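# Observations on the model geometry
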Amino acid sequence: MEIKDALASQDFEKEINVKGWVRTKRGSKNVAFIALNDGSTIHNLQLVVDLEKIPEQQLALMHTGASISANGKLVASAGSGQKVEMTVEQIELLGEANPDEYPLQPKKHSLEFLREKAHLRFRTNTFSAITRLRHAMIFGIHKFFNEKGFFNIHTPIITGSDAEGAGEMFQVTTLDMGNPPHDEIGNINYTEDFFGKMANLTVSGQLEGELAALAMSKIYTFGPTFRAENSNTSRHLAEFWMVEPEVAFFDINDNMDLAEEMLKFLIQYALDNCYDDLVFLGKRLEEEEKNKKVDERSMDLISKLKFVLENSFERITYTEAIAILRNSNHNKKGKFQYPVEGWGIDLQSEHERYLVEKHFKKPVILTDYPKEIKAFYMKQNDDGKTVRAMDVLFPGIGEIIGGSQREERYDKLLRRVEEMHIPIDSMWWYLETRKFGTVPHAGFGLGLERLMLFITGMGNIRDVIPFPRTPKNLEF
Ligand code: 4AD
Ligand code: MG
């Protein structure tokens, strides 16, 4: 029986079997208590071992981290905490964990330490809670889109084009790197490579997603995404997961509505399905922030989630945002690391967070950015300066979603591709969809790990994906 089900059971007659890993063992003369966890819930099942029935020697190797199997019956628990515990009839050691070597002791370990023990950190309360929440979010994403009639499509992991045009790609090759073939002018000869041309890992499934949307109307792709940006921040990964819906006949307002509805659905889904894990993570956060000044502490986790559910997102243009930032006391007093001087600058995460946390005090959707700082595929506004981009900004995170209405006019798109020196021979198929039955359409990308940061209240993106890939870090 799973421990989650055992803890909810009221059947005190049936003999059950549970298996899991020992969290703690303590005892007195006549009785030993083992807190057992199997990952199904944040809560442990307390095993009560009568040492007159089971010799203490049999428990000798059942230290923290050991795996065991136990048979017995559930009984109403006298102590506080859980409603039931289990009186043990039989108990068996499956695998020992020598306390002199096992790194996870029943005490608080730092998140940095646990990152170095990523092979074992699933066994901590924090990471098991995060793992269950991550599953719930993935499942919730599929549920949300399925219920709205979207089709999930798989877009390729290996591509011959640069979807974001930012050149931050990981190359894929089977050429001998020590001795690659060259052409007449000395460049590497990719015609001899596996695909007969240069290949990379995808930075986004959007372009292929658009092809599908321009036939299926509503699609989403959800897959691993790779970016070789050398930014060692608490919000960037080299390998992350992105969900990208794309909808035909949508304009940017429909797109914003969909993004807001999706985020609220997912927050509600977490509250409905992982409440105990959120309570645990909320307490963890409170503990972590104890030493901060009261006004620097973040809102209690569950209140923060509910707050976002209950408020509509502020929608403003980039131009309005620049005016707010520029005129802010924060800017005038030189408190931004990157001062806001004028229209056209790319917003830094400190600016995004100022708008969300200090100015509006709720999520913000920024639209209509300067075309120079956005990707080639975004729909151009009539002002000739801005594009129909939208970024959703969240408290504590900054950008959680990036998206846009797409440029559906062939000539305008082609001109932008040329202006940005994007090789047309890697993009002809994308351009062709604008020749044959083009329609207005829009979409966006949500980074799963950015969402997880928000939902869990964790501060570092390396702690919300099981095995983070970041610059100079490829362990596990
Ligand atoms: O804003 P981005 O670059 O947008 C796109 O890739 C579009 N093609 C999406 C679309 O319109 N279909 O990335 C989208 C989101 C960001 O808002 C962020 O949440 C996440 O992906 N993201 C990252 N997450 C973790 N690590 C990184 N290095 C990330 N880069 C982007
Ligand atoms: Mg973006």
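The model shown is predicted, which means the values in this text are computed figures rather than measured ones. (Residues numbered from 1 in each chain as written. Chains lettered and ligands numbered in written order. Predicted model: local features only at pLDDT ≥ 70, side-chain atom pairs only at ≥ 80, totals over all residues. Heavy atoms only, no water.)

### Regarding the site of ligand 1
Among the 24 residues in the neighbourhood of ligand 1, the closest are listed as E164, Q206, R227, E244 and E399. The separation between a nitrogen atom of ligand 1 and a polar side-chain atom of Y377 is 3.4 Å. A total of 630 Å² of accessible area belongs to ligand 1 in isolation, and the protein chains cover 93% of it. For the shell around ligand 1, the elements supplying multiple residues, two or more each, are β11 (239-248), β15 (398-405) and β16 (441-447). For the shell around ligand 1, the element with the highest residue contribution is β15, accounting for five residues. Considered class by class, the residues forming the shell around ligand 1 number eight nonpolar, eight polar and eight charged. (Near = heavy atom within 4 Å. Polar contact = N/O pair within 3.5 Å; in protein donor to acceptor, adjacent residues only side chain to side chain. Areas by Shrake-Rupley, 256 points an atom, 1.4 Å probe, with all protein chains shown as cover. Helix = DSSP H or I, 4+ residues; strand = E, 2+ residues; numbered from the N terminus. Nonpolar A, V, L, I, M, F, W, Y, C, P; charged D, E, K, R; others polar.)

### Some words on the domain arrangement of the chain
Domains assigned within the chain are domain 1 (3-103) and domain 2 (123-168 + 203-463). Computed over C-alpha atoms only, the centres of domain 1 and domain 2 are separated by 44 Å. Taken together, the contacts link nine residues of domain 1 with nine residues of domain 2. With both chains or domains summed, domain 1 and domain 2 bury close to 700 Å², and 42% of this area falls on carbon and sulfur atoms. At the junction of domain 1 and domain 2, the tally comes to zero salt bridges. Counting the contacts that link domain 1 with domain 2 gives six residue pairs in polar contact (both at pLDDT 80 or more). Looking at the side of domain 1 that touches domain 2, its residues break down into three nonpolar, five polar and one charged. (Domains from an automatic or database assignment. Contact = heavy atoms within 4.5 Å. Buried area = accessible area lost by both parts, 1.4 Å probe. Salt bridge = Lys/Arg side-chain N within 4 Å of Asp/Glu carboxyl O.)

### Structural notes on the packing of aromatic side chains
Each aromatic ring pair is summarised here by two numbers: the centre-to-centre distance and the angle between the ring planes. Applying the stated criterion across every chain, the model contains 17 aromatic pairs. Consider the rings of F313 and F394, whose centres lie 5.7 Å apart with planes at 80°: the pair is edge-to-face. Within this pair, whereas F313 is found in the loop between α7 (301-310) and β12 (314-317), its partner F394 is found in strand β14 (residues 386-394), the two being separated by 81 residues in sequence. Relative accessible area serves as the criterion here: at 5%, F313 is assigned to the buried category. One aromatic cluster is present, formed by F144, F145, F150, Y220, F265 and Y269 through successive ring pairs. Positioned over the ring face of Y369 is K374, at 4.2 Å from the centre of the ring. Looking at K385, its charged tip hangs above the ring of W343, at a distance of 4.8 Å from the centre. (Phe/Tyr/Trp six-rings, centres within 6.5 Å; stacked < 30°, edge-to-face > 60°. Buried < 20%, exposed > 50% of the residue type's maximum accessible area, 1.4 Å probe, protein only. Lys NZ or Arg CZ within 6 Å of the ring centre and 35° of its normal.)

### With respect to the sheet that holds strand β13 (residues 364-370)
With mixed pairing, the eight strands of this open sheet are ordered in space as β6-β10-β11-β16-β15-β14-β13-β12. For this open sheet the edge positions go to β6 (151-152) and β12, each flanked by a neighbour on one side alone. Bridge analysis of β13 against β14 gives six bridges, and the strand direction is antiparallel. Considered in β14, the bridge of P370 is made with T386. (Pairing = 2+ DSSP bridges.)

### Thoughts on the environment of A213
With respect to the helices and strands, A213 occurs in helix α4 (residues 206-216). Along the sequence, A213 and H441 sit 228 residues apart, while their C-alpha atoms lie 8.3 Å from each other. In contact with A213, not counting residues within four places along its chain, are I219, E246, V247 and A248.

### Looking at the environment of L451
Mapped onto the elements, L451 comes out in helix α13 (residues 448-456). For the pair formed by L451 and D254, sequence separation is 197 residues and the distance between their alpha carbons is 21 Å. Beyond its immediate sequence surroundings of up to four residues, L451 is in contact with M137, L263, L266, I400 and L446.

### What about the pairing of strand β2 (residues 31-37)?
A large share of β2 lies buried, amounting to six of its seven residues. Sheet analysis places strand β1 (residues 15-27) next to β2, joined by six bridges and oriented antiparallel. Paired with G27 across the bridge in β2 is A32. What sits between β1 and β2 in their antiparallel hairpin is a turn of three residues. Of the pairings in the sheet, the one linking β2 to strand β3 (residues 45-50) comprises six bridges and is antiparallel in character. When the sheet's bridge partners are listed, A35 is paired in β3 with Q46.

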